[in-house]
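# Examining the three-dimensional arrangement
Read off the chains here:
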Amino acid sequence: MIEILKNMFRRKTRTLLTIFGITIGIFAFTVMGSMAERINLLVNGGTKYYSDKVTVVDAHSSLAALPTPMNINKAQEIAKVKGVIAVAGTIYTTLSDDIDAVNFGPPPSITAGESKAQKYESFKITFSSGRDLREGDKGKVIVGSDLVKKLRASVGGTVKIKGKDYEVVGIMNKTLTAPDTAVGMDITDAQKILYDSLPAIIKAQVNPNEIVNGFTVYIEPGVDPDKLASVINKQVDGIKATGPKAFQDQVASATGIFNAILFGIALISLLVGGLSIINTMTMSISERIREIGIKKAVGAKTRNIMKEYLTEAGLIGLIGGLIGWGLGALTVMIINNAMENSGNIIFLLTSRISIFAIAFSVILGIIAGIYPAYYAVKVNIVKALREG
Amino acid sequence: MAETILKLINLNKTFILGNHKNAKKAQKAIQRLQKKYEAASEKNDKGRIQVEEELLNKAQEHFEKEEFEQSYAVITGKFLKKKRGRGVVVHALNGVSLSIEQGDLVAIMGPSGSGKSTLLNMLGLLDEPTTGQIFIKGKNITAIKRRELPNIRSRELGFVFQSFNLVPTLTALENVMLPLRYAGVNLARRKQMAKEALVQVGLGNRIHHKPNELSGGQQQRVAIARSIVNHPSIIFADELTGELDSKMTIEIMNLVIKLNKAGQTFIIVTHNPEVAKRTKRILFMKDGKIERELSKPKLK
């Protein structure tokens, strides 16, 4: 190994530039991969959440804005549809009026739901401290993990939401999906917030105690939620029911393209790094032809020569990979820390991304080293000793 | 009587230059005939041996007369599809046969291009003969698989080259350890054996020096230490004093003779009559053949 390190740094500048090429590739892979990972887990969480239920909003709601308010009594009509076991009114609105321009994932939000259907919910939330909301917990909230810093929340303390103080009763564990950027509160408190946000002309037409802007429909076991959604759409007027497929079509496939672009950029960087290893190793071998001849003359086998040069190429990959991963991890940490105050976490550096980045750098190095190593084993001993 | 450790029968090396597709094919065809002949010999199929031997002799005869196209047509016509090219056949060796016994100290002399180094390279299994057989300790090396040659080189053979050919990034000790590494000797034993070899050549105090920190004579001593470290049956030295002054030449030859007295066999290719004079046998080569041989009862 010492000999391989010595060989690597015979031409320091050339080797360092090659390592730098791999570093850039792995840095790009780590950062882009962490971004993709964050989005993937967010989407996976959404996919899991929506997998066994139907969500209902007002027929006039659009994706671009918050759902249009509806009367909570609409739940009774939905509940009559065959296959439905429970319907819970829900409220979803943004936490802050000045929404951040760019959000990776859902913006910080306020969520509330009728507790009567809680027992049917399969997506369970756990708490790092405190407890879940109970029925009648007016003036109390639970806070998502990504909002703790932004809201300076702690159990027993208070947080100011829409100008009013609420007591924090629980801090949620990280779910890596939507609840991380949400504040949960009693539905009556949320109804008031939603009502206050409405234009005066609409306020006059609605009862603040009957207002919601969505329903979560829990379904009987074995019922296809997508089919049930279309039945609900047919049987209940003025609403738009969607099953898990809608989420999959609208969000998950879009993120697939996004992922492909991110990984594509990173892979192109790595390809360039790989080519620079081929170049460096080939040049290095052509300078060491005589040595290869000597080694073969004194008994080096094909596998000895192959091993030597593939190890060298793999080592270049590993060093470049470790530096690239280290810089990537540092960048991810710095940006995430900076963004934590806004509750907008962009990156998620998981162990699988880290392991893959480093393993890939080594494999890339080895693959890039195959051609030069093959060139080395094919060296004619006599010619190498005479002319090398 | 000393054991014969190296024997050559009709060793023939042909260099083919120019547009040589057909000549190369002819060379390969003869090699195939050689293998068939060896296979028949192994099976002791007398009828087949005779047929193959006749074919082989005829092919070699044609080939040596540089009538490779005809030899192709007569002997291996079924493989020949291309028309005659403009290949030029040059015999670097032309039917060399000799035996080397244990404890020999042989010098090979001759003018440039006489085939000395080619012969040495083939004996050292660094190059392949077109025809002929090489036996090391009675084993026909030309019949064994190419992938087994490195093992034989690292265990049975040692090499010393004119320009020392040490690995510049390795210390003297590491250079000497190289053949042992490829022979699969463990690190501790490798170090011990390499140190002993360096002490034997008088460089016990230079083991951690790199080649560029050593004089030419010292570098050649390191190369000799590397050649003896695996206790080879035979050491091949190609112009081992070629880059040394007369004082260093004497020193290196003293070392060679000391090792030879201890039982080490050497074959030395040299232009230098002073080096040859100190050996036990001198083979004079010309035009790829051993022209004459001079044996001396005693070293001077």
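Residues numbered from 1 in each chain as written. Chains lettered and ligands numbered in written order. Predicted model: local features only at pLDDT ≥ 70, side-chain atom pairs only at ≥ 80, totals over all residues.

## Notes on the interface of chain A and chain B
The accessible area lost on association of the parts is a frequent measure of interface size. Note the threshold: Two residues qualify as a contact pair if the distance between their C-beta atoms, derived from the backbone, is within 7 Å. Under the DSSP-based scheme used, a helix requires at least four consecutive residues in state H or I and a strand at least two consecutive residues in state E, with every element numbered from the N terminus. Polarity classes work like this: nonpolar for Ala, Val, Leu, Ile, Met, Phe, Trp, Tyr, Cys and Pro, charged for Asp, Glu, Lys and Arg, and polar for all others, with Gly in that last group.
The interface of chain A with chain B comprises 17 residues on the first partner and 18 residues on the second. Contributing elements (two or more residues each) for the side of chain A that touches chain B: helix 1 (2-8), helix 9 (289-297) and helix 12 (381-387) of chain A. Looking at side-chain class alone, the side of chain A that touches chain B contains seven nonpolar, three polar and seven charged residues.

## Description of the packing of helix 2 (residues 12-50) of chain A against helix 8 (residues 244-287) of chain A
All names here are of chain A. Our working rule: For helices, the fitted axis covers only the stretch in contact; all axes are lines through C-alpha atoms, and the angles between them, taken along N-to-C directions, range from 0 to 180 degrees. For classification, angles of less than 35 degrees are called roughly parallel, those exceeding 145 degrees roughly antiparallel, those between 65 and 115 degrees roughly perpendicular, and all remaining angles oblique.
Relative orientation of the contacting elements helix 2 and helix 8 amounts to 170°, with a least axis distance of 9 Å. Comparing the axis directions of helix 2 and helix 8 gives the class roughly antiparallel. For the contact of helix 2 with helix 8, a count of residues per class yields 22 nonpolar, 15 polar and one charged.

## What about helix 6 (residues 172-182) of chain B?
Applicable threshold: Residues with at least 20 neighbouring C-beta atoms inside 10 Å of their own are called buried, those with 12 or fewer are called exposed, and the rest are partly exposed, where every C-beta is derived from the backbone.
Among the 11 residues that make up helix 6 of chain B, 11 are buried, leaving the element largely enclosed by the rest of the structure. Among all positions of helix 6 of chain B, only Ala172(B), Leu173(B), Glu174(B), Asn175(B), Val176(B), Met177(B), Leu178(B), Pro179(B), Leu180(B), Arg181(B) and Tyr182(B) are buried. Looking at the buried side of helix 6 of chain B, the elements it contacts are helix 9 and helix 10 (302-340) of chain A together with helix 5 (149-156), helix 7 (187-200) and helix 8 (216-228) of chain B. One or two positions beyond helix 6 of chain B, positive phi appears at Gly184(B), with a value near 85°.

## Some remarks on the sheet that holds strand 7 (residues 139-140) of chain B
To keep it simple, the criterion reads: Pairing between two strands requires that DSSP report at least two bridges joining them.
Spatially, 4-1-6-7 (chain B) is the arrangement adopted by the four strands of the open sheet, whose pairing is antiparallel. At either margin of the open sheet sits one strand with a lone partner, and together these are strand 4 (96-101) and strand 7 of chain B.

## Regarding the packing of helix 8 of chain A against helix 10 of chain A
Residue and element names in this part refer to chain A. Filter applied, for reference: By definition, turning the near helix anticlockwise from the far helix through less than a right angle yields a left-handed crossing, and turning it clockwise yields a right-handed one.
Closest axis-to-axis distance for the helix 8/helix 10 pair is 11 Å, and the angle between their directions is 140°. By the angle between their directions, the pair helix 8 and helix 10 is classed as oblique. The handedness of the crossing between helix 8 and helix 10 comes out as right-handed. Contact residues: helix 8 offers Gly273, Ile277, Met281 and Ile285, while helix 10 offers Tyr309, Glu312, Ala313, Ile316, Gly317 and Gly320.

## Looking at the sheet that holds strand 11 (residues 281-286) of chain B
Residue and element names in this part refer to chain B. Strand order across the open sheet formed by six strands is 8-9-10-5-11-12, with mixed pairing between neighbours. Of all the strands in the sheet, just strand 8 (157-160) and strand 12 (289-295) have a single pairing partner and so form its edges. Pairs of neighbouring strands in the sheet enclose a mean axial angle of 20°, with direction left out of account. Relative to strand 10 (residues 265-269), strand 5 (residues 105-109) is paired through four bridges, and the arrangement is parallel. The residue bridging Ile108 from the neighbouring strand is Val269, located in strand 10. Lying over the sheet, helix 4 (residues 116-123) contacts strand 5, strand 9 (234-238), strand 10 and strand 11, oriented at roughly 150° with respect to strand 10. In the packing of helix 8 onto the sheet, the strands contacted are strand 8 and strand 9, and the crossing angle to strand 8 comes to about 170°.

## Some thoughts on the domain arrangement of chain A
The line we're drawing: Domain borders in the structure are assigned automatically or taken from a domain database.
Under the domain assignment, chain A is made up of domain 1 (2-43 + 251-387) and domain 2 (60-237). A separation of 47 Å is found between the C-alpha centroids of domain 1 of chain A and domain 2 of chain A.

## Let's talk about the nonpolar core
Grouped burial of nonpolar side chains is what soluble globular proteins tend to show. Rules: Under the definition applied here, buried Ala, Val, Leu, Ile, Met, Phe, Trp, Tyr and Cys residues are grouped into a nonpolar core through C-beta atoms within 7 Å.
Counting residues in hydrophobic clusters, the biggest one holds 117 residues, and the most contacted among them are Ile108(B), Val176(B), Ala225(B) and Ile267(B). Among the elements that line this core, the one with the most residues is helix 2 of chain A, at 14 residues. If we skip the residues at most four places from it in the chain, Ile108(B) touches Lys116(B), Leu119(B), Leu120(B), Ile267(B), Val269(B), Leu283(B) and Met285(B). Core analysis: the second largest hydrophobic core is formed by 46 residues, Val56(A), Met70(A), Val168(A) and Leu194(A) among them.

## A short note on the pairing of strand 3 (residues 84-94) of chain A
Residues and elements named next belong to chain A. Judged from the six bridges that link them, strand 3 and strand 11 (residues 214-219) form a sheet pairing that is antiparallel. Bridging from a neighbouring strand, Gly89 pairs with Phe215 of strand 11. Judged from the five bridges that link them, strand 3 and strand 4 (residues 109-113) form a sheet pairing that is antiparallel. Bridging from a neighbouring strand, Thr94 pairs with Ser109 of strand 4.

## A look at unusual backbone geometry
Phi at Leu176(A) is positive, roughly 60°, even though this residue is not glycine. Structurally, Leu176(A) can be placed in the loop between strand 8 (164-172) and strand 9 (182-185). A count of 19 C-beta atoms within 10 Å places Leu176(A) in the partly exposed class. Backbone geometry places Phe164(B), a non-glycine residue, at a positive phi of 65°.

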